[in-house]
Amino acid sequence: MTKDEMKKAVALAALDYVTVGAIVGVGTGSTANFFIDALAGIKHKIEGTVASSIATAERLKGHGIPVFDLNAVNDIAVYVDGADESNRYLHLIKGGGGALTREKIAAAASRKFVCIADESKLVDVLGKFPLPIEVIPMARSYVARELVKLGGKPVLRDGYTTDNGNLIIDAHNLTIMEPAKLEAQLNNIPGIVTNGLFALRPADVLLLGHEGGVRTLTGR
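If you're wondering where the values come from, they're calculated on a predicted model, not measured in any experiment. (Residues numbered from 1 in each chain as written. Predicted model: local features only at pLDDT ≥ 70, side-chain atom pairs only at ≥ 80, totals over all residues. Heavy atoms only, no water.)

Draft legend 1. Structural view of the pattern of salt bridges. This structure, assessed with the given rule, holds 11 salt bridges. A salt bridge links Arg111 to Asp75; the nearest nitrogen and oxygen atoms lie 2.7 Å apart. Here the residue Arg111 occupies a position in strand S6 (residues 110-118), and Asp75 occupies one in the loop between helix H3 (54-62) and strand S3 (76-81), the gap between them amounting to 36 residues. Residue classification places Arg111 among the exposed residues on the basis of a relative accessible area of 60%. Notably, a salt bridge pairs Glu146 with Lys149, separated by 3.0 Å at the nearest N-O pair. You can see Glu146 and its partner Lys149 sitting in helix H5 (residues 140-149), 3 residues apart, about one turn around the helix. Put simply, Asp81, Lys94 and Glu103 are held in one network by salt bridges that share partners. (Salt bridge = Lys/Arg side-chain N within 4 Å of Asp/Glu carboxyl O. Helix = DSSP H or I, 4+ residues; strand = E, 2+ residues; numbered from the N terminus. Buried < 20%, exposed > 50% of the residue type's maximum accessible area, 1.4 Å probe, protein only.)

Draft legend 2. Seen up close, the nonpolar core. Grouped together as the largest cluster of nonpolar side chains are 25 residues, with contacts concentrated most on Val18, Val24, Phe35, Leu39, Val114, Ile116 and Leu207. Every element with two or more residues in this core is listed here: helix H1 (3-14), strand S1 (23-26), helix H2 (30-39), S3, S6 and strand S12 (205-210). In contact with Val114, not counting residues within four places along its chain, are Ala14, Tyr17, Val78, Tyr79, Val80, Asp81, Val205 and Leu207. Ranked by size, the runner-up nonpolar core spans 19 residues in total, among them Ile93, Ile169, Leu182 and Leu197. (Core = buried A, V, L, I, M, F, W, Y, C linked by side-chain atoms within 4.5 Å. Contact = heavy atoms within 4.5 Å.)

Draft legend 3. Seen up close, the side chain of Ser110. By the element assignment, Ser110 lies in strand S6. Taking relative accessible area as the criterion, Ser110 reaches 7% and is therefore assigned buried. Discounting residues that sit within four places of it in the chain, Ser110 has contacts with Ile76, Val78, Tyr79 and Arg201.

Draft legend 4. Layout of unusual backbone geometry. Backbone geometry at Leu90 places phi at a positive 65°, although glycine is not the residue there. Positionally, Leu90 belongs in the loop between strand S4 (85-86) and strand S5 (92-93). A positive phi is found at Asn173, a non-glycine position, where the angle reads about 65°. By relative accessible area, Asn173 is classed as exposed at 60%.

Draft legend 5. Spatial organisation of the sheet that holds strand S11 (residues 197-198). Spatial strand order, S4-S5-S11: 3 strands in an open sheet with antiparallel pairing. Two strands bound the open sheet, and with one partner strand each, they are S4 and S11. Pairing between S5 and S11: 2 bridges, direction antiparallel. If you follow Ile93 over to S11, its bridge partner there is Leu197. (Pairing = 2+ DSSP bridges.)

None of the figures reported here should be taken as evidence of function without further support.
See below:
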């Protein structure tokens, strides 16, 4: 199977977690796009969706799938999204597509978080993929200095602005042995909106595409 075929397989498998009449949270990125395309086939069975980015909302609407503001719904039954890295505890690095803050909000507001990815995203230790950090513009240099103190190499994502009007700094060279601890530590640095570690609220289920089909991992 190619990577795209693996992504399509896990996207289809994620439909098993979508219940009739549900509000479905939908993530951002190439794997999430496969899920959106699959969700279109059962759109008559759900009430609607909450999107984690403007791009996701546009793709959903293009399929005729209703999109609601999070403030207008009482509950998200399931949130489905991809990841840039996952460990075996279902702690994730997300944000390669720049939507990490809205993704983290949607995940936190959901009863179940289903992560879909190809097998290359499963790692023993997080950090080879640069950790995205959303930063308020005036704090860019300050936050970068703080990241250096933590052993990271901060790189501003050139020419990129988030849907929230902020910047992204990608922190390279981090070996993340304690993801939840680092997530909380980073969020306490003034100027950081949030970071791409999803460890305090990890995924509940990880669907991994591989040559033989789809493997399911659950959090420990």
